[in-house]
Amino acid sequence: MIGTIVNTAAVVGGATIGIFLKKAMPERIKSIYFQVIGLFTIAIGISMVWELKHILIVVVSLAIGSLSGEAIDLEKSADKLGSYLKQKLKIGSEKFNEGLITSFLLFCVGSMTILGAIQEGTGVSSDLLLTKSLMDFFSAIILASAFGIGVAVSALPLFIFQGLLTLLAMLIAPFFTTDIIHGLTNIGGILLIGLGINILEIKKIRIMNMLPSLLFVVILIWIFA
């Protein structure tokens with residue numbers, strides 16, 4: 001779990017620096033920062049779907065996963081949780097929820113998260129998660145300078161998600177085949193492209209409601225691939 005612990009600390013540290021930078025940043029600089037973050041997120045997403053395998057399974061997973069997420073309205077639940085934390089922590093930031101959700105998705109749906117957690121969980125190495133920690137540190141600075149304290153709070157769900165994935169890898173390491181990892185990466189990339197579109201305010205896409213797609217792609221690849 002050392003990689004996840006370091007990763008969590010890196011996000012908190014980077015976000016803290018970004019929050020201090022935010023206070024001294026003019027509005028026009030904040031605006032272009034959002035544009036940079038949006039474009040960068042889309043670029044990461046494209047790189048993750050560049051080699052799209054099992055296209056039919058990916059499409060079906062997205063469809064079923066999105067309908068499932070919409071049925072239980074994960075987006076609304078995430079907003080409620082964000083508002084609850086905002087109230088409990090007495091945070092006045094207008095972009096708290098957006099920063100929390102954006103940061104969690106950006107830090108947690110990438111291929112480095114999945115591969116790194118599997119490598120650490122199976123005892124291979126923590127190097128990939130440590131490398132990711134360095135990248136997330138600088139990303140957190142940029143994100144927090146735009147979104148504020150919600151980025152720092154995202155370290156908690158990051159720790160839970162990545163930690164559980166590492167523990168799961170310890171138990172069922174052989175289950176994570178190359179095809180399953182590739183499928184998770186493809187779905188994650190598509191979600192990040194949608195997230196980038198949200199950040200750029202091109203169109204509001206309910207990305208949280210699409211998260212169950214990550215579960216369905218694993219199941220369908222395991223059955224049919």
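Heads up: these notes are all about the structure in this document. (Residues numbered from 1 in each chain as written. Predicted model: local features only at pLDDT ≥ 70, side-chain atom pairs only at ≥ 80, totals over all residues. Heavy atoms only, no water.)

**Some remarks on the nonpolar core**
Looking at soluble globular proteins, one finds that nonpolar side chains tend to be buried together.
Thinking step 1. Leu 105, Phe 107 and Val 151 are the most contacted members of the largest nonpolar core, which totals 48 residues.
Thinking step 2. The greatest single-element share of this core, amounting to 8 residues, is contributed by helix H10 (residues 178–199).
Thinking step 3. Contact partners of Val 151, with chain neighbours within four places excluded, come to Val 11, Ala 15, Gly 99, Ser 103, Phe 107, Ala 140, Leu 143 and Ala 144. (Core = buried A, V, L, I, M, F, W, Y, C linked by side-chain atoms within 4.5 Å. Buried < 20%, exposed > 50% of the residue type's maximum accessible area, 1.4 Å probe, protein only. Helix = DSSP H or I, 4+ residues; strand = E, 2+ residues; numbered from the N terminus. Contact = heavy atoms within 4.5 Å.)

**With respect to the side chain of Ser 213**
Thinking step 1. With respect to the secondary-structure elements, Ser 213 resides in helix H11 (residues 213–224).
Thinking step 2. According to the relative accessible area criterion, Ser 213 is buried, its value standing at 0%.
Thinking step 3. A polar contact of 3.3 Å, which involves the side chain of Ser 213, links it to the backbone oxygen of Ser 61.
Thinking step 4. Look past the residues within four positions of Ser 213 in its chain and what remains in contact with it is Ser 61, Leu 62, Gly 65, Ser 66 and Ile 187. (Polar contact = N/O pair within 3.5 Å; in protein donor to acceptor, adjacent residues only side chain to side chain.)

**Remarks on the pattern of salt bridges**
Thinking step 1. As enumerated under the stated definition, the model contains 4 salt bridges in all.
Thinking step 2. With its nearest N and O atoms 3.4 Å apart, the salt bridge here joins Glu 75 to Lys 204. With Glu 75 in helix H4 (residues 74–88) and Lys 204 in the loop between H10 and H11, this pair connects stretches of sequence that are 129 residues apart.
Thinking step 3. We classify Glu 75 as buried; its relative accessible area is 9%.
Thinking step 4. Asp 136 is paired through a salt bridge with Lys 132; the nearest N and O atoms lie 2.7 Å apart. Note that Asp 136 and Lys 132 are positioned in helix H7 (residues 127–147) at a spacing of 4 residues, about one turn of the helix.
Thinking step 5. When its relative accessible area of 4% is taken as the criterion, Lys 132 is described as buried. (Salt bridge = Lys/Arg side-chain N within 4 Å of Asp/Glu carboxyl O.)

On their own, these measurements won't tell you what the molecule is for.
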